[in-house]
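# Structure at a glance
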Amino acid sequence: MKSVTIYGSCVSRNPFDVAPLQGNVSVAAYLSKTGMISQASDIIVGDYKVPNTDDFLSRMVRLDFEKSGIAYLKRMPGDVILVDLIDERLALLARGNSYFTLTRNFVHADLRDQIGGKVIDPMDPESFPQWVAAFMKIADSIEKAGFSGDRIILHCAWWARQIRGSDGKLRILPRDTLEKCHRHNLFLKSAYTVFRTRFPSCQMIRCPNELFIADESHKHGPDPYHYIPEYEREFGRQLIEILQGNVADTPRPVHPNAKMLEGTSMYASSIETRNPIVQDYGLLLPYLTHDKEWVAKFRDAGIEIDAGGVPKNMFRWGGPYRYSVTIGHHGLSSLARFILAASDEEKRNIVGVARWLVENQREDGAWPVEYDHNWFPQRCEIIRAPWVSAMGQGLCISFLSRVAAAMDNGAEFELDKEKCLQAARLAIIPYNKSPQEGGCQSLLFDRYPFYEEYPTNPSSFVLNGFIYAILGLYDLYLYDGNTDAKRLYDVGISSLKLALPLYDLGRGTAYDLTHVTGRIFAPNIARPSYHYIHVQLVSALEHIHPGEFSVILQRWERYMKGFGARTN
């Protein structure tokens, strides 16, 4: 039987008590409730009364006090060491160059009163350099204890933003808890990058984003890191695969200090001050940043909202027109604000948009655009009405899926949920058809499926529209496990990974690939607001697929700050 040494928390220890790990993999040693800053600090000298019983919690207090945690693990080595960083959240007591983890048992043992000192919050960004220095010392000790390379496993755990109640329904955690989750997840994101930089050959356990759900009935309580049983089973499955050697090519990150040329970026005179990074992604959360940004965008674009809450576009060439892209954005923006603070106006908009989508969908699932569009006269032919926008389809699918999830979670909308879901399911049909067939799928390089925001001739391959279309498929799959949506999503992700480097211009991004399909044209450079959207959308995908989009995301973030890629 394989054995595992754990340096972390209950999020890594709990799954060993249930299938598939129970009875198949053993725990050689378990060290928890001791922060790395504490373990790496100096031993305090003095006559202190430290618990000397051998129960688990007293032992952890003693190992923290004596800074002997790694030595303890070394005495009982497993086949691998499994590390998670959830316990790095615990406050610290500082006395000189010595630090102690402020657990309840540490306080109950009167050690806080005996030692005195100052309380330190390790989640304070100013404490992060100290954490990095401590981690590097601990990393050296882990290697000296005999663990290196693929014998080190990082469990990429996150604080959940949703909780499943005893009635089986999901709900968002209270606002103050969400703020704490956000703060801790920012720390974890940076800490995982440091960890993988120090141990580039480590293996990783990364459970799907949709399983990061707290369990109200958890034996240790309903904290954001006490997950539902499905998470623990998936964790066990991944760990067994690693121990059996069945994991192929774990993605390796580029060092965060990889050399970049600091120079004049195309965005240097218009550096974006907003943070585009999506901190979490889930059906019961506000969609991207739609709770903040789309009201002003609608006003500036001259979009009108009718009495039923449905938007109408007035374009320079005419109108008013119903446009699926605008309708989807408006619905998602209204729902995002309703989630944070329910209001009658947002409720009216949500109901109005949902009813319009159900009542105005074609039998083939499309919400057709009813005007001719001369999108890029120099490069593409006029798009003749009616035409289908994959971006519009995706946004509306996301909206309807999220409305259904909100209704499951207690939102009282005067809607037929099943009709909303049926419309969302029908809306994926155009993803399977070419523009000539009334759909929105083109082929990049005549081979790779691409869902087109604008079904132009030649194909334009607009990036932001493609990702919005993909996210719609993901949201539908996330809600009801729709296998067709999952298949189309997987195909889209594969095409996107191939295509993303083509949009990278070294100091910014291209809005589309007409410079590729047109052959003689210069890139259609994305203006700063669209580069912001590119970064935001890629960061959402990074949440869904941790580590798979991190390299390009880091680079594109730097372009926003005026940096360019290194020259030869």
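Owing to the predicted nature of the structure, the values given are computational and were not obtained by experimental measurement. (Residues numbered from 1 in each chain as written. Predicted model: local features only at pLDDT ≥ 70, side-chain atom pairs only at ≥ 80, totals over all residues. Heavy atoms only, no water.)

## Topic: the packing of helix H13 (residues 390-408) against helix H14 (residues 417-426)
Relative to each other, H13 and H14 sit at 150 degrees, their axes nearing to 9 Å. Between H13 and H14, the angle falls in the class roughly antiparallel. Crossing hand, H13 versus H14: left-handed. Along the contact surface, H13 presents Ile397, Leu400, Ser401, Ala404, Met407 and Asp408, while H14 presents Lys417, Cys420, Leu421, Ala423 and Ala424. A class-by-class count of the residues in the contact of H13 with H14 yields 8 nonpolar, 1 polar and 2 charged. (Axes fitted to C-alpha atoms, helices over the stretch in contact; angles between N-to-C directions. Helix = DSSP H or I, 4+ residues; strand = E, 2+ residues; numbered from the N terminus. Parallel < 35°, antiparallel > 145°, perpendicular 65-115°, else oblique. Left-handed = near helix turned anticlockwise from the far one by under 90°. Contact = heavy atoms within 4.5 Å. Nonpolar A, V, L, I, M, F, W, Y, C, P; charged D, E, K, R; others polar.)

## Description of the pattern of salt bridges
Evaluation of the coordinates by the stated rule reveals 24 salt bridges. A salt bridge links aspartate 490 to lysine 486; its shortest N-O distance comes to 2.9 Å. Of this pair, aspartate 490 and lysine 486 both sit in helix H16 (residues 483-503), separated by 4 residues, roughly a single helical turn. Classification of lysine 486 as partly exposed rests on a relative accessible area of 27%. (Salt bridge = Lys/Arg side-chain N within 4 Å of Asp/Glu carboxyl O. Buried < 20%, exposed > 50% of the residue type's maximum accessible area, 1.4 Å probe, protein only.)

## Digging into the nonpolar core
A general trend in soluble globular proteins is that nonpolar side chains are found buried together. The biggest cluster of nonpolar side chains holds 91 residues, and the ones touching the most others in it are Phe399 and Phe413. Once residues lying within four places of it in the same chain are set aside, the contact partners of phenylalanine 399 are Gly331, Leu332, Leu335, Ile350, Val353, Ala354 and Leu357. In terms of nonpolar packing, the next biggest core, distinct from the first, is built from 75 residues, Ala134, Phe212, Leu239 and Ile240 among them. (Core = buried A, V, L, I, M, F, W, Y, C linked by side-chain atoms within 4.5 Å.)

## Overview of the environment of isoleucine 520
Note that isoleucine 520 resides in the loop between helix H17 (514-517) and helix H18 (528-544). Along the backbone, isoleucine 520 and arginine 379 are 141 residues apart, and their C-alpha atoms lie at a distance of 9.9 Å.

## Side note on the sheet that holds strand E4 (residues 92-95)
Spatial ordering of the open sheet is given by E5-E4-E6, a layout of 3 strands whose pairing is antiparallel. Each of the sheet's edge strands pairs with one partner strand only, and the pair in question is strand E5 (98-101) and strand E6 (118-120). If you compare each strand with its neighbour and ignore which way they point, the axes differ by 35 degrees on average. Pairing of E4 with E6, which is carried by 3 bridges, proceeds in the antiparallel orientation. Residue pairing for E6: leucine 92 is matched across the bridge by isoleucine 120. (Pairing = 2+ DSSP bridges.)

## Some details on empty space enclosed by the protein
Summed over all chains, the structure comprises 3 cavities of 30 Å³ or more. The computed volume of the largest cavity comes to approximately 50 Å³. Lining the largest cavity are Lys33, Leu57, Met60, Val61, Asp64, Thr101, Thr103 and Phe106. Among the elements that make up the lining of the largest cavity, the one with the highest residue count is helix H3 (residues 56-66) (4 residues). Within this model, the second largest cavity holds a volume of roughly 40 Å³. When its residues are assigned to classes, the lining of the second largest cavity shows 3 nonpolar, 2 polar and 4 charged. (1 Å grid on protein atoms, 1.4 Å probe; cavity = no way out; pocket = protein on both sides within 12 Å on 5 of 7 lines; lining within 4 Å. Points joined across faces, edges and corners; volume = space filled by probe spheres on them.)

## A word on the confidence of the model for the chain
Here the chain averages 90 in pLDDT, and 93% of its residues register 70 or above. Low pLDDT (under 50) marks residues 247-272, which in the prediction has 58 contacts with non-local residues, meaning those over four places away or in another chain. (pLDDT = per-residue confidence, 0-100.)

## Considerations on the packing of aromatic side chains
This model, assessed by the stated rule, comprises 33 aromatic pairs. For the pair phenylalanine 135 and phenylalanine 195, a centre-to-centre distance of 5.4 Å together with 40 degrees between the ring planes defines the contact as tilted. With phenylalanine 135 in helix H7 (residues 128-144) and phenylalanine 195 in helix H8 (residues 175-198), this residue pair connects regions lying 60 residues apart in the sequence. Note on phenylalanine 135: relative accessible area 0%, which makes it buried. For the ring pair phenylalanine 195 and phenylalanine 199, a centre distance of 5.2 Å and an interplane angle of 55 degrees mean the geometry is tilted. With relative accessibility at 0%, the residue phenylalanine 195 sits in the buried group. Put simply, the rings of Tyr321, Tyr323, Tyr371, Trp375, Phe376, Trp387, Tyr454, Tyr511 and Tyr530 touch in pairs and so form one group of aromatic residues. A cation sits over an aromatic face here: lysine 486 above tyrosine 477, 5.5 Å from the ring centre. Across the ring face of phenylalanine 563, the terminal group of arginine 558 is positioned such that the distance to the ring centre comes to 4.2 Å. (Phe/Tyr/Trp six-rings, centres within 6.5 Å; stacked < 30°, edge-to-face > 60°. Lys NZ or Arg CZ within 6 Å of the ring centre and 35° of its normal.)

## Some thoughts on the packing of helix H15 (residues 463-480) against H18
Running from N to C, H15 and H18 cross one another at 30 degrees; their axes reach a closest spacing of 10 Å. One finds that H15 runs roughly parallel with respect to H18. H15 and H18 meet at a crossing whose hand is left-handed. Residues Leu463, Asn464, Ile467, Tyr468, Leu471 and Tyr474 of H15 form the contact with H18, whose own contacting residues are Tyr530, Ile533, His534, Leu537, Val538, Leu541 and Ile544. Classifying every residue of the contact of H15 with H18 gives 11 nonpolar, 2 polar and no charged.

## Thoughts on the environment of valine 11
The topology assignment puts valine 11 in helix H1 (residues 10-13). For valine 11, a relative accessible area of 3% puts it in the buried group. Taking the C-alpha atoms as reference points, valine 11 and histidine 155, separated by 144 residues in sequence, lie 8.9 Å from one another. The residues contacting valine 11, other than those within four sequence positions of it, are Asp84, Ile86, His155, Ala157, Tyr225 and Tyr227.

## Thoughts on H7
A rise of 1.5 Å per residue sets the reference length of H7, with its 17 residues, at 24 Å; its end C-alpha atoms lie 24 Å apart and thus fit the reference within 8%. If you check which residues of H7 are buried, you get Trp131, Val132, Ala134, Phe135, Ile138, Ala139 and Ile142. Projected down its long axis, H7 carries its buried residues within an arc of 165 degrees, all on one side. Facing away from the buried side of H7 by over 90 degrees, the exposed positions are Pro129 and Lys144. (Expected span 1.5 Å × (residues − 1). Arc of directions from axis to C-beta.)

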